[in-house]
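Structural description and commentary
Listed here are the chains, written in short residue letters.
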Amino acid sequence: MQAIHLKPGREKSLLRRHPWVFSGAVDRVQGDPASGATIAVFASDGRWLATAAYSPRSQIRARVWAWTRETAIDATFFRSRIRDALATRPEIAAGARLARRLVHGEADGLPGVVADWYAGTVVLQLASAGAEHWRDAIVDAFAGIAGCERVYERSDVEVRALEGLAARIGALRGEAPAAPVEIREDPVRYLVDVVHGQKTGFYLDQRENRARIRGLAQGRDVLNGFCYTGGFSLAALAGGARSVLSVDSSGAALSIGRQCAVLNGFEDSRATWLESDVFQALRNLRDQGRRFGLIVLDPPKFAPTAAHAEKASRAYKDINLWALRLLEPDGLLATFSCSGGVGADLFQKVVAGAAQDAGVDAQIVERFHAAPDHPVLLSFPEGEYLKGLLLRRL
Ligand code: SAH
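The paragraphs below set out a description of the structure included in this document.

The rules we used
Residues numbered from 1 in each chain as written. Predicted model: local features only at pLDDT ≥ 70, side-chain atom pairs only at ≥ 80, totals over all residues. Heavy atoms only, no water. Near = heavy atom within 4 Å. Polar contact = N/O pair within 3.5 Å; in protein donor to acceptor, adjacent residues only side chain to side chain. Nonpolar A, V, L, I, M, F, W, Y, C, P; charged D, E, K, R; others polar. Pairing = 2+ DSSP bridges. Helix = DSSP H or I, 4+ residues; strand = E, 2+ residues; numbered from the N terminus. Axes fitted to C-alpha atoms, helices over the stretch in contact; angles between N-to-C directions. Contact = heavy atoms within 4.5 Å. Core = buried A, V, L, I, M, F, W, Y, C linked by side-chain atoms within 4.5 Å. Buried < 20%, exposed > 50% of the residue type's maximum accessible area, 1.4 Å probe, protein only. Phe/Tyr/Trp six-rings, centres within 6.5 Å; stacked < 30°, edge-to-face > 60°. Lys NZ or Arg CZ within 6 Å of the ring centre and 35° of its normal. Salt bridge = Lys/Arg side-chain N within 4 Å of Asp/Glu carboxyl O. Parallel < 35°, antiparallel > 145°, perpendicular 65-115°, else oblique. Left-handed = near helix turned anticlockwise from the far one by under 90°.

With respect to spatial proximity, 16 residues lie near the ligand, and among them F226, D248, D277, V278 and D298 are the closest. With respect to the ligand, the backbone of V278 contributes an N or O atom lying 2.9 Å from a nitrogen atom. D298 has a polar side-chain atom sitting 2.7 Å from a nitrogen atom of the ligand. Here the residues of the shell around the ligand are counted per class, giving eight nonpolar, four polar and four charged.

An order of β16-β15-β14-β17-β18-β20-β19 is seen for the seven strands of this open sheet, with the pairing classed as mixed. Taken across any chain shown, the strands that pair with only one partner, and hence form the sheet edges, are β16 (271-275) and β19 (362-369). If you compare each strand with its neighbour and ignore which way they point, the axes differ by 15 degrees on average. Here seven bridges tie β19 to strand β20 (residues 387-393), and the two strands are oriented antiparallel to one another. Note that in β20 the partner of A362 across the bridge is R393. Packed on one face of the sheet, helix α8 (residues 231-238) meets β14 (221-225), β15 (243-248), β16, β17 (292-297) and β18 (327-337) and runs near 180 degrees to β15. Its contacts with the sheet put helix α9 (residues 251-263) on β15 and β16, and the angle it makes with β16 is roughly 170 degrees.

To continue, consider the nonpolar core. With 43 residues, the main nonpolar core has Y118, I183, I213 and L234 as its most contacted residues. Counting only elements with at least two residues in this core, the list comes to β12 (181-185), β13 (188-192), α7 (207-216), α8, α9, β16, β17 and β18. The leading source of residues in this core is α8, at five residues. When neighbours within four sequence positions are excluded, I213 is seen to be in contact with F232, A236, L294, V296 and A334. Of all hydrophobic cores here, the second largest spans 33 residues; its members include I319, A323, V350 and V351.

Moving on, we come to the packing of aromatic side chains. Two descriptors summarise a pair of aromatic rings, namely the distance from one centre to the other and the angle between the planes of the rings. With the rule as written, the count across this model stands at 15 aromatic pairs. Relative to F78, the ring of W65 lies with its centre 5.1 Å away and its plane at 90 degrees, an arrangement referred to as edge-to-face. Of this pair, W65 sits in strand β6 (residues 60-66) while F78 sits in helix α2 (residues 75-87), and the two are 13 residues apart along the sequence. Taken together, a centroid distance of 5.2 Å and an interplanar angle of 90 degrees make the contact between Y203 and Y228 edge-to-face. Taken together, the positions of Y203 in the loop between β13 and α7 and Y228 in the loop between β14 and α8 put the pair 25 residues apart, joining distant regions of the chain. What links up through ring pairs into an aromatic cluster is the set F226, F279, F302, Y316 and F347. The ring of W322 is capped by R325, whose NZ or CZ atom sits 5.1 Å from the centre of that ring.

Before going further, it helps to spend a moment on the pattern of salt bridges. Within the structure shown, the criterion is met by 20 salt bridges. Measuring nitrogen to oxygen at the nearest pair gives 2.9 Å for the salt bridge that ties R184 to D186. Several salt bridges share partner residues, and in doing so they unite E132, R135, E153, R160 and R168 into one network.

With respect to topology, five strands assemble into an open sheet ordered β7-β8-β9-β10-β11, the strand pairing being mixed. Strands at the two margins of the open sheet, each flanked by one partner only, are β7 (99-104) and β11 (168-173). On average, each strand axis in the sheet is tilted by 20 degrees relative to the strand beside it, whichever way the strands run. By the bridge criterion, six bridges tie strand β8 (residues 113-118) to strand β9 (residues 121-126) in an arrangement that is antiparallel. Paired with Y118 across the bridge in β9 is T121. Sitting on the sheet, helix α5 (residues 135-143) touches β7, β8, β9, β10 (150-155) and β11, and the angle it makes with β11 is about 50 degrees.

The N-to-C vectors of α2 and α5 enclose an angle of 40 degrees; their axes lie 9 Å apart at closest approach. With respect to each other, α2 and α5 are oriented oblique. Note on packing geometry: the crossing formed by α2 with α5 is right-handed. Between α2 and α5, the contacting residues are A75, F78, R79 and I82 on the first element and A137, I138, A141 and F142 on the second.

Here is the structure:
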């Protein structure tokens, strides 16, 4: 049997069902498990704790597949976990052109596996040695879902390097899509470039927040900073915004946004797409005396881990300060952070500091989270990364 034995006391987190074993917790390795091999995890007193995947290169030395000893890790296991994930997203079966996160890693019992469903196209990300080891079984299970047209891999995430894995991209089942895939978030139609886009192509975690922005946009001049392919922009246009200025540094992303605006039949006159650094654009807009009734800021992950929190806080403060100054009285700011390294409390403090320095009084009227197809395990709070505040300028 291949196994790891933990140091005394280091079984505590596993007993709380936290699914990771850090390298420092390991006392000794039994056998010679290969990267991604299935191993047993034992406490120092010999008690069996879990079945896990071994990651010899990573600080996260093992990730738990199962908490019951009799659970075999095989193709049936992956089919069953993926079937369970699908069962909690039943709308996938029914919805034409619908998009959902189908498997959300640890929260769906599949550490290292992320899969998004875009109207029959599954975009898969395998980010751990264990997920890589079982790739064929995992891909077969997704390909077997009714209505699945193709499985396309986007395992071009940085964390793969920490696992000793090279990036992998390409069609695994079916052909690579020749054009962006069209999805619907009623009433809006979006185009998702799963081949060239960021991550798996689209930010599904913001789905419900986009719908909220649609409900708030009527008659407002909207600024969408870090707009990517215009998720929030299109929602605001659908919600009757008077104008929407969308800013991103990626010309490719903006070009998809423009195509989406045409696809939805929105008047050109209401939508402006600006390729620019947002930090600079906010200052320029201020110099131009521009004002907005609704601003969305959804920047990239400034702090991947807590070690980056201080630098990230400065960046969050800067953009929020300038955005608050651009708000009309009674104007709304929807401000987000997807940094795992900046918690909700710290984020709120940073935004409060920004308001203070901007000389702006504001109230929190709502809080934002990731959509429910991105669940968070109670025993794995690290899984909670997206938070947002809706502020009203007084
Ligand atoms: N709000 C988007 C997702 C944003 S992802 C949505 O809902 O779909 C972050 C985006 O910020 C990316 O599109 C990236 O190109 C852009 N970006 C990163 N740094 C930037 C900067 N300094 N200025 C402008 N855009 C930036």
